[in-house]
Amino acid sequence: MNPVTVSPVRLEAFLDPRLSRWMWLVKWFLAVPHYIVLFFLWIAFSFVTFVAFFAILFTARYPRALFDFNVGVMRWNWRVAYYAHTALGTDRYPPFTLAEAPDYPAHFDVVYPERLSRGLVLVKWWLLAIPQYIVVGVFVGDWGWGWGWGGTDHWHGGLVYFLSFVAVIILAFTGRYPVHLFDFLLGLARWVARVGAYAALMTDAYPPFRLDMGPQDPPPAEPPRAPTGGPGTAEPGRWGG
């Protein structure tokens with residue numbers, strides 16, 4: 001079996017063990033201050049991506065400070081989305097920060113690329129990403145940006161929102177969030193996030209056409225161990241080289 005290729009985009013979330021049956025009815029309203037801040041952050045995100053486009057085109061590098069800012073915007077957006085309308089898997093109010101919040105149950109990160117292709121930057125965000133936009137459009141009800149990777153509009157009627165609504169209705173009547181549905185929603189959210197990062201020029205790794213379900217992204221595949229014992233082999237318990 002071939003090992004799963006690990007994406008440079010990491011999206012994770014953990015389901016609160018005791019969710020309120022009815023708090024999901026008002027979370028969207030409680031998140032309004034975040035929506036206001038995110039509106040301006042996404043404007044800045046678009047400007048930063050525009051600047052990064054030319055930086056990559058001429059230097060093959062994404063300026064680190066700009067990269068960290070855009071990752072922070074997407075991280076902030078994911079925390080708010082997870083709380084208010086995508087999965088709704090936590091009752092904890094999201095923090096107002098671009099930085100990683102280790103104690104918050106939703107996490108997002110992108111591995112910084114030391115170099116990016118100058119040629120791909122011209123075509124990956126529109127031509128190469130078209131098949132992904134079509135798939136993601138089914139998930140979120142538009143071309144993939146209304147879910148939050150480029151805007152603060154929500155509730156476009158896509159599969160993510162429908163399944164999230166089904167999940168909280170089950171929660172309301174049973175007091176339990178359906179775990180298998182949660183895992184599936186995280187897989188959809190992960191797919192959308194990878195397409196968003198690719199379209200925002202943050203990686204050259206083409207988003208895989210697969211669902212990585214569950215609260216955590218697949219860990220890196222363990223490298224094969226060299227045979228132990230005998231002349232010319234690695235020492236026991238050490239990686240072969």
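Reading the values: rules and limits
- Residues numbered from 1 in each chain as written.
- Predicted model: local features only at pLDDT ≥ 70, side-chain atom pairs only at ≥ 80, totals over all residues.
- Heavy atoms only, no water.
- Axes fitted to C-alpha atoms, helices over the stretch in contact; angles between N-to-C directions.
- Helix = DSSP H or I, 4+ residues; strand = E, 2+ residues; numbered from the N terminus.
- Parallel < 35°, antiparallel > 145°, perpendicular 65-115°, else oblique.
- Left-handed = near helix turned anticlockwise from the far one by under 90°.
- Contact = heavy atoms within 4.5 Å.
- Core = buried A, V, L, I, M, F, W, Y, C linked by side-chain atoms within 4.5 Å.
- Buried < 20%, exposed > 50% of the residue type's maximum accessible area, 1.4 Å probe, protein only.
- Lys, Arg positive; Asp, Glu negative; His and termini not counted.
- Salt bridge = Lys/Arg side-chain N within 4 Å of Asp/Glu carboxyl O.
- Polar contact = N/O pair within 3.5 Å; in protein donor to acceptor, adjacent residues only side chain to side chain.
- Arc of directions from axis to C-beta.

1. With respect to the packing of helix α6 (residues 159–174) against helix α7 (residues 179–199)
- One way to put it is that α6 packs onto α7 with a least axis distance of 10 Å and a crossing angle of 160 degrees. With respect to their mutual orientation, α6 and α7 come out roughly antiparallel. In terms of crossing hand, the pair formed by α6 and α7 is left-handed. Residue-level inspection shows Leu159, Val160, Leu163, Ser164, Val166 and Ala167 of α6 in contact with α7, the latter providing Leu181, Phe184, Leu185 and Leu188.

2. Quick notes on the nonpolar core
- Formed by 62 residues in total, the largest nonpolar core has its most connected members in Tyr62, Trp78, Tyr82, Phe108, Val110 and Met202.
- Breaking this core down by element, the ones donating at least two residues are β1 (9–13), α2 (32–59), α3 (64–84), β2 (106–110), α5 (130–140), α6 and α7.
- No other element matches the 13 residues that α7 contributes to this core.

3. A look at the environment of Trp78
- In this fold, Trp78 is placed in helix α3.
- Judged by its relative accessible area of 0%, Trp78 is buried.
- Separated by 30 residues in the primary sequence, Trp78 and Phe108 have C-alpha atoms spaced 7.1 Å apart.

4. Observations regarding the side chain of Arg79
- Following the sequence through the fold, Arg79 ends up in helix α3.
- For Arg79, which is buried and forms no salt bridge, the nearest opposite charge comes from Glu100, at a distance of 5.0 Å.
- At 3.0 Å, the side chain of Arg79 forms a polar contact with the backbone oxygen of Ala99.
- Aside from chain neighbours lying at most four places away, what touches Arg79 is Pro94, Pro95, Thr97, Leu98, Ala99, Glu100, Ala101, Tyr104 and Ala106.

5. Let's talk about α5
- Among all positions in α5, only Gln132, Tyr133, Val136, Gly137, Phe139 and Val140 are buried. Along the long axis of α5, the arc covered by the buried residues comes to 155 degrees, so they all point the same way.
- For α5, the secondary structure elements touched by its buried residues are α4 (124–128), α6 and α7.
- A positive backbone phi angle near 90 degrees is found at Gly141, which sits one or two residues after α5.

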